[in-house]
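The primary structure of each chain is shown beneath.
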Amino acid sequence: MLSEEYCMVYFPGDDLFAPLRPRGLPIGNLTSQFWANCYLNPLDHFVQRELRCKGYVRYVDDFLLFADNKHQLWVWKQEIVGFLNSLRLTLHERESTVYPVTNGIPFLGFRVYPTHRRLKRANGAAFARRLRCWRAALARGEMTYEELDRRVQGWVAHAAHGNTYRLRRSILSRLVPRRGL
């Protein structure tokens, strides 16, 4: 896994002690979802009331805006950048761009099309890798069947939100030995 080094971002009013200020929330902690929703509530109101965007979806810190006009989306993006700056937040520039919906939109580990959702390839490959490690841990006695089941069911529940039946069947068939005739 590649680790990205954080580049310090300075906001208006920062002083010399800004680099010492704690930042971020622990990922995976249930409270991080709660606090992200609390902290980004003003963004919801800004997008809906100030920008008057009719097509807006947000899940924790991932959000989408929809419009018929590409230029309008770029203008909204700049206004959102300014608004988030007031909250001492920034967008991931590489991940925040304008896509035509017909090409699919990356969102929450899927590529979302108007008619269906596909799991990102990296997501399925990463799960298959983790599954191999978990099976080895199970064989060594470092993991219980219940723990393995809980982890597999979590991924299956996520992947089931897309058109992934054959992918799930392919990956999970490795768990159960085939019966010979």
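Before reading on, note that the structure itself is shown above.
Here we summarise the structure given alongside this text. The structure displayed is predicted, hence computed values, not measured ones.

## Focus: the sheet that holds strand β3 (residues 105–107)
Sheet architecture is open: three strands sit in the order β3-β4-β5, paired in antiparallel fashion. The two strands at the open ends of the sheet, each matched to only one other strand, are β3 and β5 (117–119). Recorded for the sheet is a direction-independent mean angle of 30° between the axes of neighbouring strands.

## Structural notes on the nonpolar core
Counting residues in each nonpolar core, the largest one holds 16 residues, and the members touching the most others are Leu43, Val47, Leu65, Ile80 and Leu84. When contributions to this core are tallied by element, the ones reaching two or more residues are α1 (30–50) and α2 (70–86). Top element by residues in this core is α2. It accounts for five residues. When sequence neighbours within four positions are dropped, the list of residues in contact with Val47 reads Arg52, Cys53, Tyr56, Leu65 and Ile80. If you look at the next biggest cluster of nonpolar residues, it comprises 15 residues, including Leu131, Val152, Trp155 and Val156.

## Quick word on the layout of surface pockets
The volume enclosed by the second largest pocket comes to roughly 260 Å³. Arg118, Leu119, Lys120, Arg121, Gly124, Ala125, Ala128, Asn163, Thr164, Leu167 and Ile171 are the residues that line the second largest pocket. Mapped by element, the contributors of at least two residues to the lining of the second largest pocket are β5, α3 (121–140) and α5 (165–172). The biggest single contributor to the lining of the second largest pocket is α3, with four residues. A breakdown of the residues in the lining of the second largest pocket according to their chemical character gives five nonpolar, three polar and three charged.

## Concerning the packing of aromatic side chains
Across all of its chains, the model carries five aromatic pairs by this definition. Clustering of aromatic rings is evident, with ring pairs tying together Phe127, Trp134 and Trp155.

The rules we used
- Residues numbered from 1 in each chain as written.
- Predicted model: local features only at pLDDT ≥ 70, side-chain atom pairs only at ≥ 80, totals over all residues.
- Heavy atoms only, no water.
- Pairing = 2+ DSSP bridges.
- Helix = DSSP H or I, 4+ residues; strand = E, 2+ residues; numbered from the N terminus.
- Axes fitted to C-alpha atoms, helices over the stretch in contact; angles between N-to-C directions.
- Core = buried A, V, L, I, M, F, W, Y, C linked by side-chain atoms within 4.5 Å.
- Buried < 20%, exposed > 50% of the residue type's maximum accessible area, 1.4 Å probe, protein only.
- Contact = heavy atoms within 4.5 Å.
- 1 Å grid on protein atoms, 1.4 Å probe; cavity = no way out; pocket = protein on both sides within 12 Å on 5 of 7 lines; lining within 4 Å.
- Points joined across faces, edges and corners; volume = space filled by probe spheres on them.
- Nonpolar A, V, L, I, M, F, W, Y, C, P; charged D, E, K, R; others polar.
- Phe/Tyr/Trp six-rings, centres within 6.5 Å; stacked < 30°, edge-to-face > 60°.

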